[in-house]
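Okay, here's what each chain looks like letter by letter:
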Amino acid sequence: MIASTQYRFAPRAQAIDGAPLGRALVLAIFAGWTLFSVFIYSRYSMLGDAQAYLEGGYGESSFTQGRTLLITRIAGGLRSVLGMDVLVHLAFSMFAAAGVCYLASGADLRGRQRWPLLLILLNPNFGVWASVTGRESLFVGLMGFFMGAVLGHYRRGHGIGAMLLAALAAAGMVYLRAPFGLGAALFFLVYLMFAWGPRLRLSVGVRAMFFVLLASVTLYVAWPQIDAFIGGEVLPQARSYFTVTSATTRTWVDLRDTGDLLANVWWMAPLALVGPTPMEVLSRPIMLPFFAAGLIVLGLLLRAAYTALFKLPEPPRAVVLLGWLPATAMMLVAYTPFGIYNPGSGIRYACCFLLFLILPLLLPSARFATAGQGRVGHVLHGGTAEGMR
């Protein structure tokens with residue numbers, strides 16, 4: 001029969017076996033990636049805009065974006081103080097590492113629960129760009145603080161300071177890379193609605209219908225602006241940035257408008273996330289590590305989606321389905337034009353949101369469910385959960 005059960009929002013205290021993810025290990029991983037990127041990877045490929053930031057290549061002009069000028073000033077100031085480029089890269093890398101440490105602490109990752117995060121940290125598609133001077137390392141740090149604040153609030157069930165930190169981090173991510181930052185902000189909004197919203201005795205299905213209706217109305221109203229942004233800015237930028245003379249450029253790709261992108265995103269998004277195809281690896285064996293890394297990322301995303309759909313108890317399952325899934329879809333659609341034109345260069349953009357892809361795997365409820373603990377009692381400040389008994 002149908003039974004309505006009230007749950008607490010924070011998970012019940014339960015013993016978690018295994019050692020926590022040490023801060024020293026995270027710092028060492030980021031430092032190692034910085035040294036690898038600066039002294040090895042840079043010999044075969046440019047480190048994006050890192051050198052331009054260090055040398056002040058982006059001066060004040062009507063064409064320079066404010067965030068670009070901000071990073072240039074930060075990098076230039078650090079260079080004048082530290083004196084060596086590698087130390088500036090390390091400074092940016094340590095900010096990203098600090099965010100990841102806060103994430104690991106907020107999620108209280110222990111034992112096997114550490115592996116999804118470690119697979120991202122040890123992934124070259126993530127490590128190369130998250131550990132050098134640029135928007136990516138700052139974005140990764142902010143993403144770490146954001147996820148750590150949300151997961152920490154979820155575990156404890158209280159903490160206005162954590163929510164303020166998450167809001168500031170989300171605002172920073174929107175400023176640095178708007179499409180990815182808006183995805184995180186969407187998830188945060190849904191989380192707040194469940195955590196602090198009114199107590200409504202509604203099932204997940206009813207809530208999903210409400211969110212779909214609200215999203216449809218919002219999309220209908222904002223569609224002209226969205227279409228103009230994608231067709232007038234995103235696609236031309238992707239073509240201009242990633243169709244330069246390069247062995248990894250896919251000259252057969254031609255996304256002319258928003259309709260082309262949305263009609264082909266179902267196969268372009270997974271390919272953009274993985275990177276090179278097997279045939280491209282055969283023609284350029286140097287791409288094999290990045291192909292393997294891309295497959296790991298895709299596998300983690302599929303595992304996270306499976307966990308969200310079938311493994312999580314209520315109410316975190318509702319938050320993840322109504323918040324994390326739409327936010328992830330938004331990020332992937334925004335990334336697809338860049339990753340599909342040039343898998344070699346596109347990974348610089350992808351590293352910004354790779355941490356977010358594994359969020360369902362970091363929830364305490366995920367480890368309890370996979371450990372056979374069954375449903376864990378929760379209260380959702382926003383309502384109740386209904387289940388079959």
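Worth saying up front: this structure is predicted, and the values here are computed from it rather than measured.

S.K.: Explain the packing of helix α3 (residues 66-82) against helix α4 (residues 85-107) to me, please; I cannot follow it from the model alone.
M.R.: Between two packed helices, what matters for the description is the angle formed by their axes and the separation of those axes. Direction vectors running N to C along α3 and α4 enclose 125°, while the axes themselves pass 9 Å from each other. With respect to α4, the axis of α3 lies oblique. The interaxial crossing formed by α3 with α4 has right-handed handedness. Where α3 abuts α4, its residues Ile71, Ile74, Ala75, Leu78, Arg79 and Leu82 lie against Asp85, Leu87, Val88, Ala91 and Phe92. Tallied by class, residues from the contact of α3 with α4 come to 9 nonpolar, no polar and 2 charged.

S.K.: Which parts of the structure should I look at to understand empty space enclosed by the protein?
M.R.: Which parts of space are left empty comes out when a probe the size of a water molecule is rolled across the atoms. Applying the stated criterion across every chain yields a total of 2 cavities of 30 Å³ or more. Of the voids in this model, the largest cavity is the one considered here, and its volume is about 90 Å³. Tyr154, Phe187, Tyr191, Val319 and Leu363 are the residues nearest the centre of the largest cavity, which is lined by 11 residues in total. Those elements giving two or more residues to the lining of the largest cavity turn out to be α7 (135-156), α9 (178-196) and α14 (316-341). Considered class by class, the residues forming the lining of the largest cavity number 11 nonpolar, no polar and no charged.

S.K.: What is the right way to read the state of the cysteines from this model?
M.R.: Every disulfide links exactly two cysteines, by a covalent bond between their sulfur atoms. Within the structure shown, the criterion is met by 0 disulfides. The structure places no disulfide on Cys352, whose sulfur is separated from the nearest cysteine sulfur, that of Cys351, by 4.7 Å.

S.K.: How do you make sense of the environment of Pro276 when you look at a structure like this?
M.R.: Within the fold, Pro276 resides in the loop between α11 (258-274) and α12 (278-283). Note on Pro276: relative accessible area 3%, which makes it buried. Note: C-alpha distance between Pro276 and Phe290 (14 residues apart in sequence) is 7.4 Å. Here Pro276 is in contact with Arg250, Val281, Met287, Phe290, Phe291 and Pro343, once residues within four sequence places are set aside.

S.K.: Please explain the packing of α7 against α9 as it appears in this structure.
M.R.: The contact between α7 and α9 brings their axes to 12 Å, and the two run at 10°. The angle between α7 and α9 falls in the class roughly parallel. Along its contact with α7, which presents Phe139, Met143, Phe146, Val150, His153 and Tyr154, the element α9 presents Phe180, Gly181, Ala184, Phe187, Phe188, Tyr191, Ala195 and Trp196. The class makeup of the residues in the contact of α7 with α9 is 12 nonpolar, 2 polar and no charged.

S.K.: Would you explain the nonpolar core in this entry?
M.R.: Buried together is how nonpolar side chains tend to be arranged in soluble globular proteins. Of all hydrophobic cores here, the largest spans 105 residues; its most connected members are Leu117, Phe126, Met143, Phe146, Phe353 and Leu355. With 14 residues, α14 is the single largest residue contributor to this core. Apart from residues lying up to four places away in sequence, Met143 is in contact with Met173, Ala184, Met331, Cys352, Leu355 and Phe356.

S.K.: Is there a simple way to think about unusual backbone geometry in this case?
M.R.: Note: most residues except glycine have negative phi, and most peptide bonds are trans. Of note in this structure, Asp108 is not a glycine but carries a positive phi near 50°. Inspection of the secondary structure assignment puts Asp108 in the loop between α4 and α5 (115-121).

S.K.: What should I look at first to understand the side chain of His89 in this one?
M.R.: Position of His89 among the secondary structure elements: in helix α4. Within polar-contact distance, the side chain of His89 engages the backbone nitrogen of Thr133 at 3.0 Å.

S.K.: So what exactly am I meant to see when it comes to the confidence of the model for the protein chain here?
M.R.: The predicted coordinates should not be examined in detail at positions where pLDDT is low. A residue-level look at the protein chain finds 82% of positions with pLDDT of 70 or above and a mean pLDDT of 82. When the elements of the protein chain are averaged for pLDDT, strand β2 (residues 385-388) gives the smallest value, 32, and helix α16 (residues 354-357) the largest, 97. Counted against residues more than four places away or in other chains, residues 1-8, with its pLDDT under 50, gives 35 contacts.

S.K.: I keep staring at α3 and nothing clicks. Help me out?
M.R.: Structural remark: α-helix, 3.6 residues per turn; residues separated by three or four positions point the same way. Here α3 spans 24 Å end to end across 17 residues, near enough to the 24 Å set by a 1.5 Å rise per residue. Tucked inside the fold, the buried residues of α3 contact α2 (50-54), α4, α7 and α8 (160-176). Following α3 by one or two positions, Gly83 adopts a phi angle in the positive range, close to 85°.

S.K.: Explanation requested: the layout of surface pockets in the structure shown.
M.R.: Put simply, the second largest pocket is a space of about 1,200 Å³. Leu186, Leu219, Ile226, Pro326 and Met330 are the residues nearest the centre of the second largest pocket, which is lined by 30 residues in total. Contributions of two or more residues to the lining of the second largest pocket are made by α9, α10 (204-242), α11 and α14. By residue number, the principal contributor to the lining of the second largest pocket is α10, which donates 12 residues.

S.K.: Explanation requested: α7 in the structure shown.
M.R.: In a regular helix each residue adds 1.5 Å, so 22 residues correspond to 32 Å; α7 covers 31 Å between its end C-alpha atoms and thus fits that length. Burial runs high along α7: 20 of the 22 residues are buried. Where α7 terminates, the next one or two residues include Gly157, which has phi positive at roughly 80°.

Cut-offs and rules
Residues numbered from 1 in each chain as written. Predicted model: local features only at pLDDT ≥ 70, side-chain atom pairs only at ≥ 80, totals over all residues. Heavy atoms only, no water. Axes fitted to C-alpha atoms, helices over the stretch in contact; angles between N-to-C directions. Helix = DSSP H or I, 4+ residues; strand = E, 2+ residues; numbered from the N terminus. Parallel < 35°, antiparallel > 145°, perpendicular 65-115°, else oblique. Left-handed = near helix turned anticlockwise from the far one by under 90°. Contact = heavy atoms within 4.5 Å. Nonpolar A, V, L, I, M, F, W, Y, C, P; charged D, E, K, R; others polar. 1 Å grid on protein atoms, 1.4 Å probe; cavity = no way out; pocket = protein on both sides within 12 Å on 5 of 7 lines; lining within 4 Å. Points joined across faces, edges and corners; volume = space filled by probe spheres on them. Disulfide = S-S within 2.5 Å. Buried < 20%, exposed > 50% of the residue type's maximum accessible area, 1.4 Å probe, protein only. Core = buried A, V, L, I, M, F, W, Y, C linked by side-chain atoms within 4.5 Å. Polar contact = N/O pair within 3.5 Å; in protein donor to acceptor, adjacent residues only side chain to side chain. pLDDT = per-residue confidence, 0-100. Expected span 1.5 Å × (residues − 1).

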